[in-house]
Amino acid sequence: MTKENANELANHLKELHLSTVRECYEEVAEEARKESMTFEQYLKELIGRECDVRRENRIVRFLRESKLPMEKTLETFDRSRLTEKVNAHVSMLLEGSFVDRTENVLAFGNPGSGKTHLLCAIGQELIQQGRRVLFSPCALLVQLLLIAKRDLQLPYMLKRMGRYDVIIIDDIGYVQHSREEMEVLFTLLAERYERGSVMITSNLPFSKWEKIFKDPMTTAAVIDRLVHHSIILELNIGSYRLEQSKKRKEGEKVRSAV
Ligand code: ADP
Ligand code: MG
């Protein structure tokens with residue numbers, strides 16, 4: 001190819017934002033000649049590389065914007081602590097189609113039972129599948145919603161949150177909120193109903209949710225919407241950290257006895 005043609009091609013590719021094609025078309029052409037590829041095979045190989053790089057970049061971007069704690073992965077989560085039933089649910093959730101059905105996930109259990117870690121690990125896997133996830137502690141989310149409301153930006157914020165396939169709200173009911181704070185949370189949940197998945201962790205069973213949402217009507221409305229299409233994970237297990245420190249202490253005892 002003449003230098004002039006190469007320049008022109010580079011400009012076209014720049015205009016179309018095909019940076020990977022620009023970087024590797026010569027190298028792939030070399031391969032194509034060696035392996036006697038057809039024009040069609042060459043094109044497929046080249047465009048395939050552009051797609052691969054874009055997918056990888058997208059995942060990095062989604063992970064960053066998700067605000068998920070990166071260390072809470074599936075690899076570092078010990079699934080043998082879960083009951084068979086919860087484990088079966090987790091396998092189903094990891095497959096990801098619940099998001100397409102806009103189903104919700106509710107994880108209940110004692111502090112330290114692994115609710116946050118488990119939902120975050122699932123969140124990371126969903127991102128690997130190309131889905132958009134947002135993680136937020138409930139208390140922080142409520143504050144951000146309130147600020148948006150004060151600045152008359154609530155509809156805008158809700159719209160922006162609508163871009164996410166999944167919103168993970170961590171520790172609902174952990175901090176007692178005022179009525180106004182709960183109202184914005186209710187607005188968010190109502191807005192997402194049947195439009196996008198919500199994943200929630202809570203130490204409080206539904207029977208105590210009136211403490212969160214203050215009045216019985218609102219509480220019933222929230223539970224009704226959340227439960228309508230939902231998977232409930234009951235992590236009725238002890239604290240992971242407590243168990244680990246007990247194990248460590250037992251190890252020390254054994255060592256000192258030897
Ligand atoms: P919860 O949200 O239920 O209070 P967390 O998910 O915050 O509990 O777990 C408490 C700590 O124990 C975290 O550091 C978490 O990484 C760890 N942990 C909990 N369950 C497991 C598990 N099954 N495997 C590995 N680490 C776990
Ligand atoms: Mg937690």
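Reading guide: rules and limits
Every residue gets a number counted from 1 within its own chain, in the order that chain's sequence is written. Whichever chain is written first becomes A and whichever ligand is written first becomes 1, with later ones labelled in order. A pLDDT threshold of at least 70 governs which residues receive local features in this predicted model, and a stricter bar of 80 or more applies before side-chain atom pairs are shown or counted, although totals over entire chains, interfaces and linings include all residues. The side-chain quantities take in all heavy atoms of the structure and omit both hydrogens and water. With axes taken as lines fitted to C-alpha atoms, and helix axes fitted only over the stretch in contact, angles between N-to-C directions fall between 0 and 180 degrees. To qualify as a helix, a DSSP run of H or I must reach at least 4 residues; to qualify as a strand, a run of E must reach at least 2; elements of each kind are numbered from the N terminus. Angles below 35 degrees are treated as roughly parallel, those above 145 as roughly antiparallel, those between 65 and 115 as roughly perpendicular, and all remaining angles as oblique. By the convention used here, residues are in contact when the closest approach between their heavy atoms is within 4.5 Å. Under the convention adopted here, Pro, Cys and the residues Ala, Val, Leu, Ile, Met, Phe, Trp and Tyr are nonpolar, Asp, Glu, Lys and Arg are charged, and Gly plus all remaining residues are polar. Each residue is placed in one exposure class: buried if its accessible area under a 1.4 Å probe, protein chains only, is under 20% of its type's maximum, exposed if it is over 50%, and partly exposed if it falls in between. The pairing criterion for strands is at least two bridges between them, as found by DSSP. Crossover handedness is defined by viewing with both strands directed away from the observer: a clockwise path from the first strand over the helix to the second marks the crossover as right-handed. Criterion for a salt bridge: a side-chain nitrogen of Lys or Arg within 4 Å of a carboxyl oxygen of Asp or Glu.

## Some points on the packing of helix α7 (residues 138-150) against helix α8 (residues 154-161)
Packed helices, taken two at a time, are described by the angle between their axes plus the distance between the axes.
Line of reasoning, step 1. Between α7 and α8, whose axes approach to 7 Å, the crossing angle comes to 135°. By the angle between their axes, α7 is oblique relative to α8. Within the contact between the two elements, α7 uses L141, L144, L145, A148 and K149 and α8 uses L154, M157, L158 and M161.
Line of reasoning, step 2. Classifying every residue of the contact of α7 with α8 by side-chain character gives eight nonpolar, no polar and one charged.

## Observations concerning the packing of helix α4 (residues 84-95) against helix α6 (residues 115-128)
Line of reasoning, step 1. At their nearest, the axes of α4 and α6 sit 9 Å apart, and the two run at 30° to each other. Our classification of the angle between α4 and α6 gives roughly parallel. Of the residues in α6, those touching α4 at V90, L93 and L94 are L118, I122, E125 and L126.
Line of reasoning, step 2. Taken together, the residues that form the contact of α4 with α6 break down as six nonpolar, no polar and one charged.

## Description of the pairing of strand β3 (residues 166-170)
Line of reasoning, step 1. The element β3 is largely enclosed, with a buried count of five among its five residues.
Line of reasoning, step 2. Taking every second residue as pointing to the same face, both faces of β3 are buried, with V166, I168 and D170 on one and I167 and I169 on the other.
Line of reasoning, step 3. Sheet analysis places strand β2 (residues 133-137) next to β3, joined by five bridges and oriented parallel. When the sheet's bridge partners are listed, S136 is paired in β3 with I169.
Line of reasoning, step 4. Note that β3 and strand β4 (residues 197-202) share four bridges and pair parallel. Looking across to β4, one finds that V166 is bridged to S197.
Line of reasoning, step 5. Once you follow β3 into helix α9 (residues 179-192) and on to β4, the crossover reads as right-handed.

## Observations regarding the pattern of salt bridges
Line of reasoning, step 1. Enumeration according to the criterion identifies 14 salt bridges in this entry.
Line of reasoning, step 2. Between R49 and E27 there is a salt bridge, with the nearest N and O atoms lying 3.3 Å from each other. Here the residue R49 occupies a position in helix α3 (residues 39-66), and E27 occupies one in helix α2 (residues 19-34), the gap between them amounting to 22 residues.
Line of reasoning, step 3. Between E243 and K247 there is a salt bridge, and its shortest N-O distance comes to 3.9 Å. Taken as a pair, E243 and K247 lie in helix α12 (residues 240-257) at a separation of four residues, close to a single helical turn.
Line of reasoning, step 4. Overall, the relative accessible area of 31% leaves E243 in the partly exposed class.
Line of reasoning, step 5. Three or more residues are tied together by salt bridges with common partners; here these are E27, E31, E45 and R49.

## Comments concerning the sheet that holds strand β5 (residues 230-235)
Line of reasoning, step 1. Pairing in this open sheet of five strands is parallel, and the strands run β2-β3-β4-β1-β5 from one edge to the other. Both edges of this open sheet fall to β2 and β5, since each of them pairs with a single strand only. On average, each strand axis in the sheet is tilted by 10° relative to the strand beside it, whichever way the strands run.
Line of reasoning, step 2. Of the pairings in the sheet, the one linking strand β1 (residues 104-109) to β5 comprises six bridges and is parallel in character. Counted as the bridge partner of L106 is I232 from β5.

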